[in-house]
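# Coordinate inspection notes
Letter by letter, the chains look like this.
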Amino acid sequence: MPLRALIFDVDGTLAETEELHRTAFNAAFREAGLDWHWSRDDYELLLYVTGGRERISNFMQRNPDWAEIDAARLHAEKTRIYNKMLAENPIPLRPGIRRLVTEARNDKIALAIATTTSRANVITLLENVFAEDHENVFQAIVCGEDVSQKKPSPEAYQTALRALNTDAGSVIVFEDSANGLLSARGAGLATIVTPAYYTRNDVFSGAISVLSDLGEPDRPAVWMAGLNPSEGHVTITALRSWLEHC
Ligand code: XBP
Ligand code: MG
């Protein structure tokens, strides 16, 4: 099948944002007068529940005394704090993302996002990294608010596919997590995984390739499993030939 679209996850894939999410959760807890603190080790486990509000609700089940706490309100505050922090301290795109996005745009390959994070977070990140061009880069942006079931449900990817009006066989997905990979695989999509800090211990069976990142001509990616880009960095030419072999 010809390559027609690339779909990117956001947190951990476009940028290493998850540590800022953790910081924002902890700040929201402090502001609400709660003595909760999610350490890095805690957060690595908590991330198995996708979606920040769901993550808070899941955590609250540990103690019946917390049953009355308003998870949605706490999460709205976390989102406000996260966006303020991200606007003030921009996080860069991971290696190879900007280069591949530019190549795809030059080749008229559609680009989309499928994430379980909140839309406000995605827009702030895109404004930071693509500046005045940010509204033109992605033809479809599917966020947590757009689905009834977050990853690992395939709904986010199925929704993105419908928005792109493209066959699953013509698409390649970029993910960083096992939940994201399950979601994309559930929608029948070939998936490349570039593990992030918090997902480095996940299991990525079913990915067509697992790489440290997408690499750059002067900074090759480290191959971990599956297909290996011969030039050391992922190009549209490599993706076209990989899709033919899937
Ligand atoms: C990652 C997530 C998100 C963020 C928090 O999503 O699970 O929930 O941790 O974002 P993805 P919210 O990798 O699919 O982008 O608090 O806005 O849910
Ligand atoms: Mg992710």
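Just above sits the structure.
Read on for a plain summary of the structure. The shown structure was predicted, so the numbers you read here are calculated from the model rather than taken from an experiment.

### Considering the coordination of the magnesium ion (ligand 2)
Coordination of the magnesium ion (ligand 2) by the protein is provided by Asp 9 (OD), Asp 11 (O) and Asp 176 (OD), with metal-donor distances spanning 2.1 to 2.2 Å. Coordination of the magnesium ion (ligand 2) draws on donor residues from a single chain, spaced D-x1-D-x164-D in sequence. Residue Asp 9 is located in the loop between strand 1 (5-8) and helix 1 (18-31), and its partner Asp 176 is located in the loop between strand 4 (171-175) and helix 8 (178-186); the two are separated by 167 residues in the primary sequence.

### Some remarks on helix 7 (residues 155-164)
The buried fraction of helix 7 amounts to 7 of the 10 residues, a majority that puts the element mostly inside the structure. The set of residues buried in helix 7 consists of Glu 155, Ala 156, Tyr 157, Thr 159, Ala 160, Leu 161 and Leu 164. Against strand 1, strand 2 (110-114), strand 3 (140-142), strand 4 and helix 8 lie the buried residues of helix 7. Just past helix 7, the residue Asn 165 takes up positive phi, approximately 55°.

### Topic: the site of ligand 1
Close to ligand 1 lie 19 residues, the nearest being Glu 18, Gly 52, His 75, Thr 115 and Ser 118. Glu 18 places a polar side-chain atom, nitrogen or oxygen, 2.6 Å from an oxygen atom of ligand 1. Here an oxygen atom of ligand 1 sits 2.6 Å away from a polar atom, N or O, in the side chain of Ser 118. The protein chains hide 96% of the 450 Å² of surface that ligand 1 would expose on its own. Taken together, the elements giving at least two residues each to the shell around ligand 1 come down to helix 1, helix 3 (52-60) and helix 4 (71-88). The element that contributes the greatest number of residues to the shell around ligand 1 is helix 1, accounting for 3 residues.

### Considerations on the environment of Pro 152
Along the chain, the position of Pro 152 falls in the loop between strand 3 and helix 7. A relative accessible area of 37% places Pro 152 in the partly exposed class. A sequence separation of 32 residues divides Pro 152 from Ala 184, and the C-alpha atoms of the two residues are 8.1 Å apart. If we skip the residues at most four places from it in the chain, Pro 152 touches Asn 179, Leu 182 and Ser 183.

### Here we look at unusual backbone geometry
The omega torsion across Lys 151 and Pro 152 is 15°, close enough to zero to call that bond cis. Of note, Asn 165 is a non-glycine position whose phi angle comes to about 55°, a positive value. Looking at where Asn 165 falls in the secondary structure, it is placed in the loop between helix 7 and strand 4.

### Thoughts on the sheet that holds strand 1
Sheet architecture is open: 7 strands sit in the order 3-2-1-4-5-6-7, paired in mixed fashion. Pairing within the sheet leaves two strands with one partner each, and these edge strands are strand 3 and strand 7 (223-226). Strand-to-strand twist across the sheet, computed as the mean angle between neighbouring axes with direction ignored, equals 20°. Relative to strand 7, strand 6 (residues 209-211) runs antiparallel, the two sharing 3 bridges. Bridge assignment links Leu 211 to a residue of strand 7, and that residue is Trp 223. The strands that helix 6 (residues 119-130) touches are strand 2 and strand 3; relative to strand 3, the one it contacts most, it runs at about 135°.

### Focus on the pairing of strand 1
What you see with strand 1 is no split at all: Ala 5 and Ile 7 on one side and Leu 6 and Phe 8 on the other are buried throughout. As paired elements, strand 1 and strand 2 share 4 bridges and run parallel to each other. When the bridges of strand 2 are listed, Leu 6 appears paired with Leu 111. By the bridge criterion, 4 bridges tie strand 1 to strand 4 in an arrangement that is parallel. Across the sheet, the residue bridging to Leu 6 is Ile 172, located in strand 4.

Definitions and cut-offs
- Residues numbered from 1 in each chain as written.
- Chains lettered and ligands numbered in written order.
- Predicted model: local features only at pLDDT ≥ 70, side-chain atom pairs only at ≥ 80, totals over all residues.
- Heavy atoms only, no water.
- Donors = N, O, S within 2.8 Å, 3.2 Å for Na, K, Ca; no water.
- Helix = DSSP H or I, 4+ residues; strand = E, 2+ residues; numbered from the N terminus.
- Buried < 20%, exposed > 50% of the residue type's maximum accessible area, 1.4 Å probe, protein only.
- Contact = heavy atoms within 4.5 Å.
- Near = heavy atom within 4 Å.
- Polar contact = N/O pair within 3.5 Å; in protein donor to acceptor, adjacent residues only side chain to side chain.
- Areas by Shrake-Rupley, 256 points an atom, 1.4 Å probe, with all protein chains shown as cover.
- Pairing = 2+ DSSP bridges.
- Axes fitted to C-alpha atoms, helices over the stretch in contact; angles between N-to-C directions.

Function-wise, these values are silent; they only describe arrangement.
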